[in-house]
Structure formats: C-alpha cells, structure tokens
Amino acid sequence: MSLSVELKDLEDLTSNAKQIQDDVLKEILTLNANTEYLHRFLNGSTDKDLFKKNVPIVSYDDVKPYIERVANGEPSDVISGGPITRFVRSSGTSGGKQKIFPTNDKYSEKLGYLMALSSLVISKHFNGNVSHKGKKMGFLYNRLETKTPSGLLVSSAFATYFMSDYFKNRSSKCNLEYTSPDQIILCIDINQSVYCHLLCGLSQRDKVVGVCATFAYALVQAINVLQISWTELSNNIRSGQVSEWITDLDCKNAVSTILGGPNPELADVIEQECSHKSWEGIITRLWPKAKYIECIITGQMAQYVPTLEFYSKKLPIVSPMYGSSESLFGINLDPLSKPQDVSYTFVPDFSYFEFLPVDHEGDIVDLVDVKLGCYYEPVVTNYFGLQRYLIGDILQVTGFYNATPQFRFVRRKDMVLSVDVETTTEDDILKALARAALVLESSSYMLMSFTCYADISTCPGHYVFYWELKAKDGKDVVELDEKVLVECCSALEESFDALYRRFRSHGIIGALEIRVVQQGTFDSLMEYFVSQGGSIAQYKTPMCIKSSEAFALLESKVLARFHSEQSPPLEF
Ligand code: AMP
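Cut-offs and rules
- Residues numbered from 1 in each chain as written.
- Predicted model: local features only at pLDDT ≥ 70, side-chain atom pairs only at ≥ 80, totals over all residues.
- Heavy atoms only, no water.
- UniProt positions renumbered as here; feature names shortened; annotations may be inferred.
- Helix = DSSP H or I, 4+ residues; strand = E, 2+ residues; numbered from the N terminus.
- Rg over C-alpha atoms; globule rule 2.2 N^0.38 Å.
- Buried < 20%, exposed > 50% of the residue type's maximum accessible area, 1.4 Å probe, protein only.
- Contact = heavy atoms within 4.5 Å.
- Pairing = 2+ DSSP bridges.
- Near = heavy atom within 4 Å.
- Polar contact = N/O pair within 3.5 Å; in protein donor to acceptor, adjacent residues only side chain to side chain.
- Areas by Shrake-Rupley, 256 points an atom, 1.4 Å probe, with all protein chains shown as cover.
- Salt bridge = Lys/Arg side-chain N within 4 Å of Asp/Glu carboxyl O.
- Axes fitted to C-alpha atoms, helices over the stretch in contact; angles between N-to-C directions.
- Phe/Tyr/Trp six-rings, centres within 6.5 Å; stacked < 30°, edge-to-face > 60°.
- Lys NZ or Arg CZ within 6 Å of the ring centre and 35° of its normal.

- UniProt, in the comment section headed Sequence similarities (unreviewed entry), describes the protein in these words: "Belongs to the IAA-amido conjugating enzyme family."

So, in structure tokens, the structure goes:
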C-alpha cells in the first residue's frame, strides 16, 4: 500500500485545477447521489449547476444529526455513499462538545500523500535532496482512540494516519526517515513518547537534519521536557539503559536498540550543552546538522515563532501544510518563506472547494475563480459526506501556482484565546464569565471590567484574566477573598470546551490565573487606547489583549494573583 509520489505530480495537479475540481465534484455527487442527505436536495442528480442552486451551505450543527445517526449505528448512506469506517475528532467544538467527522481509509491515503509531497518539496529546498543524507527528529504522537456508540473508532486526523497501513508502508523515498522508530510514534502515553523521542534524537544527534512536529506547540513542549529531563536523558545515554518508568515495552525495546549500549562521550556533550545558563540556540547546539524546523506555525501557532527562533538560533521554520479534519487543503511550496509570509497552494484533487467572500457579500466562487488579494471562507464538499461545509477559517488569496490559487491563512473565525490547538471564542469567554459571576455573587464585590490573554511564557502555557473588582457597597476593595477567587478560576475553566478541559487535565495547558488589578486600571487602559488615536465614542475594552504597551500597563497595576487548584472535570 505504498504511495508513489513525485514532484511532477504537483505540476500536473496545479496546471489542471479546473478540470480536476469538476471531476472531483462529479465523482462525489455520483458516489453520494442516493444518500438520504443529498437526495433531499438533488433527487439523484449529479449536475453541478443544480448542486450550486439547491444544496445549502452548512455548519456543523446542520449536519450533526446525520453524523450522529451514523455514529449511533445507522448505515453510512444516511450521509455518505462511500463506507464510513471511522470518525475524525476535530479540535473545533460545537455547543462545548468536540466535533466528529465521518471518514474512511481514503482520508489516511490522502494525508499520507500530502505529507509525502510536502516532504519532497522540503527536501528539494534543503540541499537538493537531503533524504539520503540524514534524518528528521519528529515529535509525532498518537492519541487514545475512543469509540462511537456503534463501535466505530474516533481519533484525531494524524492518529488516524499513524494507525493506518499508509503510514506503516510509507515510502522512505518520500518521507525522510525519522530518528524515532514507529513504536514511539504509536505509543499512546504522551509522557513516555516525548521522552523516547528525545532519547532517540539525542543518541543520533549527528544524523538530525530537521526537527519537526505537526503543530509548533508540540515542539515547544518537547524542549520544555528536555529542559526538565536532560540529566536523566544523558544518564540513560551514558549507561545505555532506558529509565524504568518507560513501561511501554515496544517503546523500551525499540529505544534500547537505538541506544545500542553505553555512550559516555555523547552523554558528556549533552550535559555540557544543557548546563549552559542560557538555552538560546539549544537546538542547533545539540543537533548541529539541523538545517530547519518543520511544524505548522501559521494562524494560532504564530505565537510560538519567537520561542522557536530563540531555541534554534533562527533556523528557518517551515510551515508545511494546511488541513483540517474535514479536508486537507494545501501545501507550502516555498518552504523558506518567513512564517508571516507563508502561503498554501491548494491541492485540487482532495475535495471540491468553494470560497465564500468574507462577510458573505458576493457570490460563492470555485477554486480557480478566486481573486488576488481577496478574503474568503473555504467551503468544502468532501468524499465522506460533507457537502458545502463552511470550515470557519478566513484566507486571503496571495498568488497562483500554475492555475491554482495560493492562500495565506488569516485567522480562525471567532478565535480569541489559544495555547495549543484548542479554540476559545468570545462566546466561550462570555459564558465562562457568566459562570464565574455566579460564584462572585456570594462575595462582597463585583466584576467591573476584564480582559485576557494566553500566557505562553510559562510552561505549560495558561490563560490569564485581568479583573477589576468593585465592592458592592461602593467602597474600595480592601481585602480579597482567596477562596472565592480561586473558585472563580475553577468556574471559568469548567465552562470551557471539552478540548480545553482535556488539555488541562493532561497538563498541556496550565492552571487558569486571575490577576486582580487596582481600581481605575481599565480607565487607564481606555486612555491609553484613545491616546493611540482611538475615539472614546467607539472604544470597547478589548476582550483579549495583544499590545505590549497595554499589557505592561495592566501588569503594573496587578494587586494579587490567583490560580485554579484542580483540573476541571472532563465531562459533566
Ligand atoms: P482540526 O480539524 O482539529 O484539525 O483543526 C483544523 C483547523 O486548524 C483549521 O481549520 C485551521 O483553523 C487550523 N489549521 C490547520 N492547519 C493550519 C495552518 N497551516 N495554519 C493555520 N491554521 C491551521
């Protein structure tokens, strides 16, 4: 089941985008013509014009009842003509619950293909073809799969791929070899997995030409683990023995083989590099042949650019691809472009793509009809039952590669706070505040103003809320009740979505913090924004703070800090 991928494919795909897109739509409509969902709108027709006229543009809540019916055991053809053999769990949520999307082997095949194609492009840029000259240290993880009521597996898109035969049989020609054996990628205990990735990467330090993860945050986390565990890691290398707490036997055996016995010289080098006071450039110091970092660094991950640049002494950061649980979209054909300039070239045979102008003004257009410089929301019709599904991202057209448009990722619609891939929206924040307000009711003060940000300078990153309080009797707040404020922290966390709570309980996100600021702080904040050219009449306290001056102002007024003391329950 090995996929053959060549750079020439890219030229073929991007030169014939229009025809390929029409063929993809025809194929999908033929496949799904008799599903309960599509039949309602098309009555069995596969005509493109009728599709555009009759099939509505939808969001998750519109298709959720159909998806849930299949998840609960009804046949696939409620929504999909092809078999639904598993579900992909997305990081987005609907009504506080994670979304799941129907899928089958074809998704893994396409993801494998996309990864291989992207690897080829990257290899070509770094030293012609590095694939014969080194390895990638990849912080890649599997996550525990769950099951739907009918017994179908649910997992993240990447876990789906790692568990598939397409990953097992991937061609080494396309995918640069990893320093970690597959057993480590497949291990579902993330702590054991990251430790073993590091051990394998360190013991093959002279072979590492690229350091990669799917999303940037996973790399930052791996460096954090290195910072905590380097003595233990170097001891393992010195003795040739893996720590006892690595109990996953497949992992342990695979790592032992890589270690191959005691290596005190290497252990000395690692200890020497890691005991420097500053960790600036630690990646290039420990892996001197590394030429690039590879991870998705656009969108909500852009916040990690400075951290990764610090650790890597500004190695190029390659953001390889753009995709989602609903569909894969495109790859970056210019790996050396700076994170802020990255564009993704859509790959036209993955799904049928349409583009809705932002603010929904103007007609929805086909992939090849988007206009340079314009902003759009992608709408996807995929092979697994989604028809005209609004993804919720905003993209800008930056150019064309052959006949295929390239897009810059502008932002996720409605996203305000994020540490990892979770998406906390304005709505989520307002709901969480309403919950915390109930806790405050029992106290002698009330919340006057707030703002928040994701603090990623801590390890792990965490959400910070600045609160200005006022005593209910109108006087100054003299004493803060610690118990109430800690409870408010918990109330905020309990209200966040399932993914936030899961990340929090796994230690991927740290305890939420409330920083109480002096009275009058938010007036000063407004004065600051107005002094920058804003108008008082239009001023709204920003829900999330981004400006460093505003941030410094808030910090100078902090009276006290409170943290939640336990992870929120996973389910209610
Ligand atoms: P998920 O369905 O959980 O895989 O999340 C998909 C979402 O992650 C997309 O809709 C984007 O908002 C975001 N995403 C994925 N790839 C990128 C990328 N290369 N740049 C920016 N955001 C991305």
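More follows now that the structure is in view.
1. Describing the overall build of the protein
Then step 1. The helix and strand tally for the protein stands at 20 helices and 23 strands.
Then step 2. Relative to the globule expectation of 25 Å for 572 residues, the C-alpha radius of gyration of the protein, 25 Å, shows essentially globular dimensions.
Then step 3. Looking at the protein as a whole, 55% of its 572 residues are labelled buried.
Then step 4. If you take every contact in the protein between residues at least 6 apart in sequence, the share linking residues at least 24 apart comes to 68%.

2. Section: the sheet that holds strand 8 (residues 317–318)
Where strands meet in a sheet, backbone hydrogen bonds hold them as pairs that are either parallel or antiparallel.
Then step 1. Pairing is parallel across the open sheet formed by four strands, whose spatial order is 3-6-7-8. In the strand order of this sheet, the two ends are held by strand 3 (135–139) and strand 8, each with one partner.

3. With respect to the site of the ligand
Then step 1. Taken together, 16 residues surround the ligand, and among them Ser91, Thr298, Met321, Ser325 and Asp393 come closest.
Then step 2. One of the side-chain nitrogen or oxygen atoms of serine 325 is found 2.6 Å away from an oxygen atom of the ligand.
Then step 3. Within the complex, the protein chains bury 90% of what would otherwise be the 500 Å² of accessible surface of the ligand.
Then step 4. Looking at the shell around the ligand, the elements that each hand over two or more residues are strand 1 (86–94), strand 9 (321–323) and strand 17 (404–412).
Then step 5. Of the residues forming the shell around the ligand, the biggest block, three residues, is contributed by strand 9.

4. Here we look at unusual backbone geometry
Then step 1. With an omega dihedral of -5°, the bond running from cysteine 459 to proline 460 counts as a cis peptide bond.
Then step 2. For proline 460, the position within the fold is in the loop between strand 20 (445–455) and strand 21 (462–471).
Then step 3. In this structure, lysine 313 takes a positive phi of about 55° despite not being glycine.
Then step 4. Despite not being glycine, asparagine 402 shows a phi value in the positive range, around 50°.
Then step 5. Along the polypeptide, asparagine 402 turns up in the loop between strand 16 (393–401) and strand 17.
Then step 6. On the basis of relative accessible area, asparagine 402 is assigned to the partly exposed category, the value being 40%.

5. A word on the pattern of salt bridges
Then step 1. Enumeration over the complete set of coordinates arrives at 28 salt bridges.
Then step 2. Here lysine 48 and aspartate 22 are joined by a salt bridge, their closest N and O atoms 2.7 Å apart. Taken together, the residues lysine 48 in helix 4 (residues 48–54) and aspartate 22 in helix 2 (residues 17–32) connect sequence positions 26 residues apart.
Then step 3. Since its relative accessible area comes to 22%, lysine 48 is described here as partly exposed.
Then step 4. Residue arginine 515 pairs with glutamate 555 through a salt bridge whose shortest N-O separation is 2.6 Å. Pair noted here: arginine 515 is in strand 22 (residues 513–517) and glutamate 555 is in helix 20 (residues 548–555), with a separation of 40 residues, a long-range link.
Then step 5. The exposure class assigned to arginine 515 is buried, which follows from its relative accessible area of 5%.
Then step 6. Of the residues examined, glutamate 555 reaches a relative accessible area of 25% and is grouped as partly exposed.
Then step 7. Counted as one network, the salt bridges with shared partners bring together Lys18, Asp22, Lys48, Lys52, Glu354, Asp366 and Arg388.

6. A few points about the side chain of glutamate 354
Then step 1. Structurally, glutamate 354 is set in strand 12 (residues 352–357).
Then step 2. Separated by 2.9 Å, the side chains of glutamate 354 and lysine 52 make a polar contact.
Then step 3. Polar contacts involving the side chain of glutamate 354 include one to the side chain of arginine 388, which spans 2.7 Å.
Then step 4. With sequence-adjacent residues up to four places away left out, glutamate 354 is seen in contact with Phe51, Lys52, Ile364, Val365, Asp366, Glu377, Pro378, Val379, Thr381 and Arg388.

7. A look at the pairing of strand 22
Then step 1. Counting buried residues along strand 22, five of its five residues qualify, which places the element largely inside the surrounding structure.
Then step 2. Burial of the side chains of strand 22 extends over both faces: Glu513, Arg515 and Val517 are buried on one face and Ile514 and Val516 on the other.
Then step 3. Taken together, the five bridges between strand 21 and strand 22 define a ladder with parallel strand orientation. Within strand 22, the position partnered with tryptophan 467 by the bridge is valine 516.
Then step 4. With five bridges connecting them, strand 22 and strand 23 (residues 558–563) associate as antiparallel partners. By the bridge assignment, arginine 515 is partnered in strand 23 with arginine 561.

8. Focus on the side chain of serine 118
Then step 1. You can see serine 118 is positioned in helix 6 (residues 105–125).
Then step 2. If sequence neighbours within four positions are ignored, serine 118 has contacts with Pro320, Met321 and Ile331.

9. Some points on the sheet that holds strand 22
Then step 1. The sheet built from four strands is open, its strands ordered 20-21-22-23 with mixed pairing. On the outer flanks of this sheet lie strand 20 and strand 23, each paired with one strand and no other. Pairs of neighbouring strands in the sheet enclose a mean axial angle of 25°, with direction left out of account.

10. A short note on the packing of aromatic side chains
Then step 1. This structure, assessed with the given rule, holds 32 aromatic pairs.
Then step 2. In textbook terms, an aromatic cluster arises when at least three aromatic residues are bridged by ring pairs, as seen for Tyr322, Phe329, Tyr344, Phe346, Phe353, Phe355, Tyr376, Phe407 and Phe409.
Then step 3. The ring centre of tyrosine 383 lies 4.3 Å from the NZ or CZ of lysine 106, which sits over that ring.
Then step 4. One Lys or Arg, arginine 170, reaches over the ring of phenylalanine 167 and ends 4.0 Å from the middle of that ring.

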